[in-house]
Amino acid sequence: MPYSDPELVSTVQKVIEFVGTFAFAISGIRHAAAKHFDWFGGMVCGIAVAIGGGTIRDMMLGVTPFWMTSALYIICTALAQLSVIIFAKYVNRLDNAWFVFDTLGLALFTIAGMQKTLAMGHPFWVAIIMGCITGSAGGVIRDVLLNNVPVIFRKEIYAMASIAGGLLYWAMYALGVELGITVIICFCVICLIRFIAMKYHISLPRL
């Protein structure tokens, strides 16, 4: 059962994409800073993680990549870099600050990917895959640029948190639950899965 107000869906999606872009950009810039990259390198990593997943999603869906329709996404990334530079000494004191921002970005972009795919009339299983790609592909691109093992291939729960959130979003969407409630609950569930998995060292079995 699709949501009855397309304008509301579009507005919520844009807000989520802006906030997710900022969170993911900070995550990428913090990783670049840990590798002692310069400001330009930090900006490249921030952009890669902020728009990478959404770009792959939009190309697969056959639409113009979301960041090409508005300069606000690039501006948002630039503001994230400026924030990291200005508040560097405060951010550095926060243990695992990158992990928090990465988790927020994962949750927000998973929801944005689900919303966009379902709004285009694709089946739920495609929406879940697109949500996972939107949420996690940017992190893969970031890790490749930084010469790290991509986060989705490590022990920690990452893409599976996105898939779990996607399944929950679809279930609530099918039941006709109000959009705002669906977004909030799915966001919280994805974040909780990541935080609990990290705190208690929960991971999938090794191959």
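About the thresholds
- Throughout, residues of each chain are indexed from 1 in the direction in which the sequence is written.
- In view of the model being predicted, local features appear only for residues whose pLDDT reaches at least 70, and side-chain atom pairs are presented and counted only at 80 or more, with totals across whole chains, interfaces and linings using the full set of residues.
- Values shown for side chains rest on all heavy atoms present in the structure; no hydrogens or waters enter the calculation.
- Secondary structure elements follow DSSP: runs of H or I no shorter than four residues count as helices, runs of E no shorter than two count as strands, and numbering proceeds from the N terminus.
- Partly exposed residues are those whose accessible area sits between 20% and 50% of the maximum for their type, while under 20% is buried and over 50% is exposed, using a 1.4 Å probe and protein chains only.
- The contact definition used throughout considers only heavy atoms, calling two residues in contact when any of these lie within 4.5 Å.
- The rule for a salt bridge is simple: a side-chain nitrogen of Lys or Arg has to be within 4 Å of a carboxyl oxygen of Asp or Glu.
- UniProt positions are given in the numbering used here, feature names are shortened, and annotations may be inferred rather than shown by experiment.
- Each patch groups residues whose relative accessible area exceeds 30% and which form no salt bridge, using 9 Å between like charges and 5 Å between nonpolar side chains of Val, Leu, Ile, Met, Phe, Trp and Tyr.
- Here, Shrake-Rupley sampling with a 1.4 Å probe gives the accessible areas, and only protein chains in the shown set may cover a residue.
- Every angle, taken between N-to-C directions, lies between 0 and 180 degrees, and every axis is a line fitted to C-alpha atoms, over only the stretch in contact when it is a helix.
- Angular relationships are summarised with four words: roughly parallel below 35 degrees, roughly antiparallel beyond 145, roughly perpendicular across 65 to 115, and oblique for the angles in between.
- Put simply, a crossing is left-handed when the front helix is turned counterclockwise from the back one by less than a right angle, and right-handed when it is turned clockwise.
- Note on residue classes: Ala, Val, Leu, Ile, Met, Phe, Trp, Tyr, Cys and Pro are nonpolar, Asp, Glu, Lys and Arg are charged, and everything else, Gly too, is polar.
- In this description, the term disulfide denotes a pair of cysteine sulfurs within 2.5 Å.
- What a helix is expected to span follows from its residue count: subtract one and scale by 1.5 Å.
- Comment: arc refers to directions from the helix axis out to C-beta atoms.

**Re the overall build of the protein chain**
Regarding its fold elements, the protein chain presents 8 helices and 0 strands. Traced from its N-terminal end to its C-terminal end, the protein chain shows the element sequence α-α-α-α-α-α-α-α. In the protein chain, which comprises 207 residues, the proportion classed as buried is 46%. Taking the intrachain contacts of the protein chain between residues at least 6 apart in sequence as the baseline, contacts between residues at least 24 apart amount to 75%.

**Looking at the pattern of salt bridges**
Applying the stated criterion across every chain yields a total of 6 salt bridges. Among the salt bridges present, the one from Lys 116 reaches Asp 58, with a minimum N-O distance of 3.0 Å. Residue Lys 116 is found in helix α5 (residues 97-119), and its partner Asp 58 is found in helix α2 (residues 39-61); the two are separated by 58 residues along the sequence. Judged by relative accessible area, which is 15%, Lys 116 ranks as buried.

**A short note on the UniProt feature "domain: Glycine transporter" (unreviewed entry) in the protein chain**
UniProt's entry tags residues 15-88 and 100-173 with the feature "domain: Glycine transporter" (unreviewed entry), counted in the numbering of this structure. Helix makes up 80% of residues 15-88 and strand makes up 0%, while its end C-alpha atoms are separated by 26 Å.

**Re the UniProt feature "transmembrane region" (unreviewed entry) in the protein chain**
Feature annotation in UniProt assigns "transmembrane region" (unreviewed entry) to the following positions: residues 12-29, 36-54, 66-87, 99-118, 124-145 and 179-197. Between the C-alpha atoms that bound residues 99-118 the distance is 29 Å, and the span itself is 100% helix and 0% strand.

**Quick notes on a nonpolar patch on the surface**
Residues Trp 39, Leu 72, Ile 75, Leu 79, Leu 82, Ile 85, Ile 86, Phe 87 and Tyr 90 make up a contiguous nonpolar surface patch of about 920 Å² in total accessible area. Per-element accounting of the nonpolar patch gives the leading share, 6 residues, to helix α3 (residues 72-86). Residue position: Leu 72 is located in helix α3.

**Structural notes on the packing of helix α7 (residues 159-174) against helix α8 (residues 179-199)**
Taken N-terminus to C-terminus, the directions of α7 and α8 make an angle of 160 degrees; their axes are 9 Å apart at the nearest point. One element, α7, and the other, α8, form an angle in the roughly antiparallel class. Between α7 and α8 lies a crossing whose hand is right-handed. Here Ala 161, Ala 164, Gly 165, Leu 168, Tyr 169 and Met 172 of α7 lie close against α8, whose contacting residues are Leu 179, Ile 181, Thr 182, Ile 185, Cys 186, Val 189, Ile 190, Ile 193 and Arg 194. Residue classes in the contact of α7 with α8 are distributed as 12 nonpolar, 2 polar and 1 charged.

**A look at the state of the cysteines**
For the coordinates displayed, the defined rule picks out 0 disulfides. No disulfide involves Cys 188; its sulfur sits 6.8 Å from the nearest other cysteine sulfur, which is in Cys 191.

**Description of α3**
If you check α3, its first and last C-alpha atoms are 20 Å apart, about what 15 residues at 1.5 Å a residue would give, namely 21 Å. All of the buried residues along α3 are Tyr 73, Cys 76, Thr 77, Ala 80, Gln 81 and Val 84. Each buried residue of α3 lies within a common arc of 140 degrees when the element is viewed along its axis, so the set occupies one face.

**Description of the side chain of Thr 134**
In this fold, Thr 134 is placed in helix α6 (residues 124-145). The exposure class of Thr 134 is buried, given its relative accessible area of 2%. Non-local contacts of Thr 134, meaning those with residues more than four positions away in its chain, are made with Phe 24, Gly 53, Gly 54, Arg 57, Phe 109 and Gly 113.

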